[in-house]
Amino acid sequence: MADDFFPEEILETLRKDPLNSALSPTVIRDFSIAKKFSDNKAAVSSLDYNPTGTFCITTSHDESLRIYDCMRGTREQVLYSKKYGCNLARFTGQPGYVAYASTKINDTIRYLSFETNQYLRYFVGHSAFVTSLQRNNDGRCLMSASVDGSVRLWDLNTVNATSTAKVGGQIGGVAAAYDPSGMVVAVAADANQVQLLDVREFSRGPFASWSISNTTGDPSLISKPVVSGIRFIPPLGDLLLLAMTDGSTQLWDTQTSSHIATLSAGPTNTMDKTEEKEEAPAIEFMKRTFLGQNLSVTPDGSTVLCGGRDGNVAYWDVKRILQTNERDGQAVISPDGLWNGSHTGPVGVCAFNPFVMECFTAATSLSIWSIR
């Protein structure tokens, strides 16, 4: 309906190219909620934009996939995956299709036409929970990681993986991400190591690796935190973010393999003492957290945003972090500000649109942020 669309002043803002804007915390501070949706019956678990940023798709623990028009601020379609569950839905370069990870029955990645609601292909190979799924730059391939200890590359036209890297991960889980060039995949495995793999020689293993610290010294933790998600800071990819299961984020320099600092908005633990046992495997903590879906970076790489368990979204100035004197990983950096998204639960999804001046955040409700 026309009255559901964004007003013209919001549309004018959305048409601005975020890559041509300095999205510093000063600018981010002026963002406010332009639209809110409350139609999910459970928490939203992932969000992805199509290759032009005009549409996005979410998955939810209510086993729904919902497609939104980012320019008009409208929900366009709702699909369900009740039999297999759904997580980490990703648009591909083929219009009208998405790939997503199963959460029930098996760990197959399913390739779905959302226009006909029919599966085109099943990508079979993972034997455990899929923790990462990402398309490459041209949209013709996928990269996935799983707690079965493997990272796999897929051609959308082939059911079997084109290349597989065994990276470990059965102890502390696996998270993976493409760098901005699409030629390197960073992998955090077994809670204590980051590996860099060349996609052209993927199965040969990492060309670089380093150990990471998995403790923040927070006495409230029931177990040492592990990496739940991983993300490069654009445009160069020389900085890497590790989303930890305790709600903190580690910033690393990939050129020097050095831990620069830890970003923390306070006691935003994703592990609940009342629900978890101290001796439970770290991998179980990872499966119950946000898989890094609550961590985002502005397209120009100037601001990091992270959703918290308190329903707010914290943001940090990357330039300020890089001016940290020690740069030895010991510094804990507080946020430059907070968005109060009026979410009633933990913000498990935060995603800044790479092409449109807006950001989506989600708990059970979904909020669209823009500059008023």
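Everything discussed here concerns the structure shown above.
One structure accompanies this document, and this report is about it. (Residues numbered from 1 in each chain as written. Predicted model: local features only at pLDDT ≥ 70, side-chain atom pairs only at ≥ 80, totals over all residues. Heavy atoms only, no water.)

When its secondary structure is counted, the chain shows 4 helices and 29 strands. Counting all 372 residues of the chain, 59% fall into the buried class. Of all intrachain contacts in the chain linking residues separated by at least 6 positions in sequence, the fraction that spans at least 24 positions is 49%. Accessible area of the chain: about 15,300 Å², with a carbon and sulfur share of 48%. (Helix = DSSP H or I, 4+ residues; strand = E, 2+ residues; numbered from the N terminus. Buried < 20%, exposed > 50% of the residue type's maximum accessible area, 1.4 Å probe, protein only. Contact = heavy atoms within 4.5 Å. Areas by Shrake-Rupley, 256 points an atom, 1.4 Å probe, with all protein chains shown as cover.)

This part is about the sheet that holds strand β4 (residues 64-69). Read across the open sheet, the 4 strands follow the order β2-β3-β4-β5; overall the sheet is antiparallel. The strands lining the two open edges of the sheet, one partner per strand, are β2 (44-49) and β5 (74-80). Within this sheet the neighbouring strands show an average axis-to-axis angle of 20°, counted without direction. As paired elements, β2 and strand β3 (residues 55-60) share 5 bridges and run antiparallel to each other. Of the residues in β3, the one forming a bridge with Asp 48 is Ile 57. (Pairing = 2+ DSSP bridges. Axes fitted to C-alpha atoms, helices over the stretch in contact; angles between N-to-C directions.)

As a further point, take the pairing of β5. Look at any regular strand and the pattern is simple: side chains alternate between the two faces of the sheet. Here 6 bridges tie β4 to β5, and the two strands are oriented antiparallel to one another. Residue pairing for β5: Tyr 68 is matched across the bridge by Arg 75. Where β4 folds back on β5, the antiparallel hairpin that results is connected by 4 residues, among which Gly 73 adopts a positive phi of roughly 70°.

A large share of strand β8 (residues 109-113) lies buried, amounting to 5 of its 5 residues. Every second residue of β8 is oriented toward a common face, with Ile 109, Tyr 111 and Ser 113 on one face and Arg 110 and Leu 112 on the other, all of them buried. Here 5 bridges tie strand β7 (residues 97-101) to β8, and the two strands are oriented antiparallel to one another. The partner of Tyr 100 across the bridge, within β8, is Arg 110. The sheet contact formed by β8 and strand β9 (residues 118-123) spans 5 bridges and is antiparallel. By the bridge assignment for β9, Tyr 111 is matched with Arg 121. The turn linking β8 back onto β9 is made up of 4 residues, and Asn 117 within it adopts a positive phi angle of 60°.

Here we take up the environment of Thr 74. Relative to the elements of secondary structure, Thr 74 occurs in strand β5. For the pair formed by Thr 74 and Lys 36, sequence separation is 38 residues and the distance between their alpha carbons is 9.8 Å. Only 2.5 Å separates the side chain of Thr 74 from the side chain of Glu 76, close enough to count as a polar contact. (Polar contact = N/O pair within 3.5 Å; in protein donor to acceptor, adjacent residues only side chain to side chain.)

Moving on, we get to the nonpolar core. In terms of nonpolar packing, the biggest core is built from 18 residues, with Ile 233, Leu 241, Val 304, Trp 316 and Ile 321 touching the most fellow members. Among the secondary structure elements, those contributing two or more residues to this core are β19 (239-244), β21 (258-263), β22 (295-297), β23 (303-307), β24 (312-317) and α4 (318-322). Other than its neighbours up to four places away in sequence, Leu 241 contacts Gly 229, Ile 230, Arg 231, Ile 233, Thr 249, Gln 250, Leu 251, Leu 263, Leu 295, Val 297 and Val 304. (Core = buried A, V, L, I, M, F, W, Y, C linked by side-chain atoms within 4.5 Å.)

A separate point is empty space enclosed by the protein. Under the defined criterion, the tally for this structure stands at 2 cavities of 30 Å³ or more. Space inside the largest cavity adds up to approximately 80 Å³. It is β24 that provides the largest number of residues to the lining of the largest cavity, a total of 4 residues. Ser 228, Ala 243, Met 244, Gly 247 and Asn 294 are the residues nearest the centre of the second largest cavity, which is lined by 10 residues in total. Class assignment for the residues of the lining of the second largest cavity results in 3 nonpolar, 7 polar and no charged. (1 Å grid on protein atoms, 1.4 Å probe; cavity = no way out; pocket = protein on both sides within 12 Å on 5 of 7 lines; lining within 4 Å. Points joined across faces, edges and corners; volume = space filled by probe spheres on them. Nonpolar A, V, L, I, M, F, W, Y, C, P; charged D, E, K, R; others polar.)

Our next topic: the state of the cysteines. Scanning all chains against the criterion turns up 0 disulfides. With no disulfide of its own, Cys 306 has Cys 350 as its nearest cysteine by sulfur position, at a separation of 7.4 Å. (Disulfide = S-S within 2.5 Å.)

With that settled, the discussion passes to the sheet that holds strand β28 (residues 359-362). An order of β1-β29-β28-β27 is seen for the 4 strands of this open sheet, with the pairing classed as antiparallel. Of all strands in the sheet, those bounded by a partner on one side alone are β1 (31-37) and β27 (349-352). Along the sheet, successive strands turn relative to each other by an average axial angle of 20°, direction set aside. Relative to strand β29 (residues 366-371), β1 is paired through 6 bridges, and the arrangement is antiparallel.

Here the focus is unusual backbone geometry. The omega angle of the peptide bond from Pro 234 to Pro 235 is 0°, so this bond is cis rather than trans. Here the phi dihedral of Glu 63 falls at roughly 70°; this positive angle occurs in a residue that is not glycine. Taking the relative accessible area as the measure of exposure, Glu 63 reaches 17% and is therefore buried. Residues other than glycine seldom take positive phi values, yet Ser 257 does so here, at roughly 55°.

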